[in-house]
Amino acid sequence: MKFFIDTANLSQIQEAHDLGILDGVTTNPSLMAKEGIKGEAAIMKHYETICEMVEGDVSAEVLSTDFASIVEEGKKLAAIHPNIVVKVPMIKDGVKAIKWFTENGIRTNCTLVFSAGQAILAAKAGAAYVSPFIGRIDDSNWDGIELIAQIAQIYSIQGFKTEVLAASIRTPLHIVKCAENGADVCTCPLDSILGLLKHPLTDIGLAKFLEDAKKM
Ligand code: E4P
């Protein structure tokens, strides 16, 4: 399973990259706004900076919702760097645009996916990635991890090449469960990635080893 970081914060991207386990980055308009990135030129520059920091796919989301504008915006984003993956929402014009991008050699990440039916449509249109939002599904009293397993099973049975990119990760356990249930990629906040490191027995064991080492 690949690890992407879900942020537009450059120091968090650098920290995850320095850990040596980072395979890519996902962003969304909320994450970009959180970093104070405003205006087309600044947005383009920020994506370029991220692409230069990380060797891997970087999802850049379109802000348009009609076919022609999604295509125009996606072409501009894709031209920033070969690692840019155009993130397109799961709406009717989004599916049409994903198909257009697929036929024109531009890779896409179909975002805001909350059902297996939506994931089938994204795969049929040729999306490189599909992003089920598992944390938001959990928030709505449903089981996000079950959806990951269902989509992974459908894609495997049907031979779809689209990668299952588990998004809206909230905890380290989400990451473990995604790995267990067939996600190809997990995009996570830095805290959830670092949370994987933690176990009290590791801390207790290390303290004891270091204490005993003084007697060596
Ligand atoms: C996916 O690519 C989205 O950017 C993200 O994972 C959404 O997460 P949230 O539900 O924590 O906002």
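Coordinates for the structure precede this section.
One structure accompanies this document, and this report is about it. Given the structure is predicted, the values throughout are model-derived calculations rather than measurements.

### Section: the overall build of the protein chain
1) Next: Each helix and strand in the protein chain was counted, giving 11 helices and 8 strands.
2) Next: Over its C-alpha atoms the protein chain spans a radius of gyration of 19 Å, differing by no more than 12% from the 17 Å that the globule rule assigns to 216 residues.
3) Next: With the principal axes as the frame, the protein chain shows a C-alpha extent of 70 × 40 × 30 Å.
4) Next: Here the protein chain holds 216 residues, and 45% of them are scored as buried.
5) Next: For the protein chain, the share of sequence-separated contacts (at least 6 apart) that also reach a separation of at least 24 residues comes to 56%.
6) Next: Across the protein chain, the centroid of the 20 positively charged side chains sits 2 Å from that of the 27 negatively charged ones.

### Structural notes on the packing of aromatic side chains
1) Next: Overall, the coordinates contain 4 aromatic pairs when judged by the stated rule.
2) Next: An angle of 80° between the planes, with centres 5.7 Å apart, marks the rings of W100 and F101 as edge-to-face.
3) Next: Sitting over the ring of F67, K96 keeps its end group 5.4 Å from the ring centre.

### So, the side chain of T162
1) Next: Relative to the helices and strands, T162 is located in the loop between helix 8 (144-158) and strand 7 (163-166).
2) Next: A distance of 2.7 Å separates a polar side-chain atom of T162 from the backbone oxygen of A127.
3) Next: Apart from the residues within four sequence positions on either side, T162 is in contact with A122, A123, A127, A128, Y129, V130, Y155 and D184.

### A short note on a nonpolar patch on the surface
1) Next: On the surface, L173, V176 and L196 cluster together to form a nonpolar patch covering roughly 260 Å² of accessible area.
2) Next: By secondary structure assignment, the location of L173 is in helix 9 (residues 172-180).
3) Next: Among the residues examined, L173 registers a relative accessible area of 54% and is labelled exposed.

### Details of the pattern of salt bridges
1) Next: Counted according to the given criterion, the structure contains 10 salt bridges.
2) Next: One salt bridge in this structure joins E180 and K177, with 3.7 Å as the shortest N-O distance. Pair noted here: E180 and K177 are both in helix 9, with a separation of 3 residues, about one helical turn.
3) Next: Here D212 ties to K208 by a salt bridge, and the two come within 3.1 Å at their closest N and O atoms. Of this pair, D212 and K208 both sit in helix 11 (residues 200-213), 4 residues apart, roughly one helical turn.
4) Next: Linked by salt bridges that have partners in common, K208, D212 and K215 make up one network.

Quick notes on the rules
- Residues numbered from 1 in each chain as written.
- Predicted model: local features only at pLDDT ≥ 70, side-chain atom pairs only at ≥ 80, totals over all residues.
- Heavy atoms only, no water.
- Helix = DSSP H or I, 4+ residues; strand = E, 2+ residues; numbered from the N terminus.
- Rg over C-alpha atoms; globule rule 2.2 N^0.38 Å.
- Buried < 20%, exposed > 50% of the residue type's maximum accessible area, 1.4 Å probe, protein only.
- Contact = heavy atoms within 4.5 Å.
- Lys, Arg positive; Asp, Glu negative; His and termini not counted.
- Charge placed at Lys NZ, Arg CZ, Asp CG, Glu CD.
- Phe/Tyr/Trp six-rings, centres within 6.5 Å; stacked < 30°, edge-to-face > 60°.
- Lys NZ or Arg CZ within 6 Å of the ring centre and 35° of its normal.
- Polar contact = N/O pair within 3.5 Å; in protein donor to acceptor, adjacent residues only side chain to side chain.
- Patch = residues over 30% accessible without salt bridge, like charges linked within 9 Å, V, L, I, M, F, W, Y side chains within 5 Å.
- Areas by Shrake-Rupley, 256 points an atom, 1.4 Å probe, with all protein chains shown as cover.
- Salt bridge = Lys/Arg side-chain N within 4 Å of Asp/Glu carboxyl O.

By themselves, these are just geometric observations and shouldn't be taken as functional.
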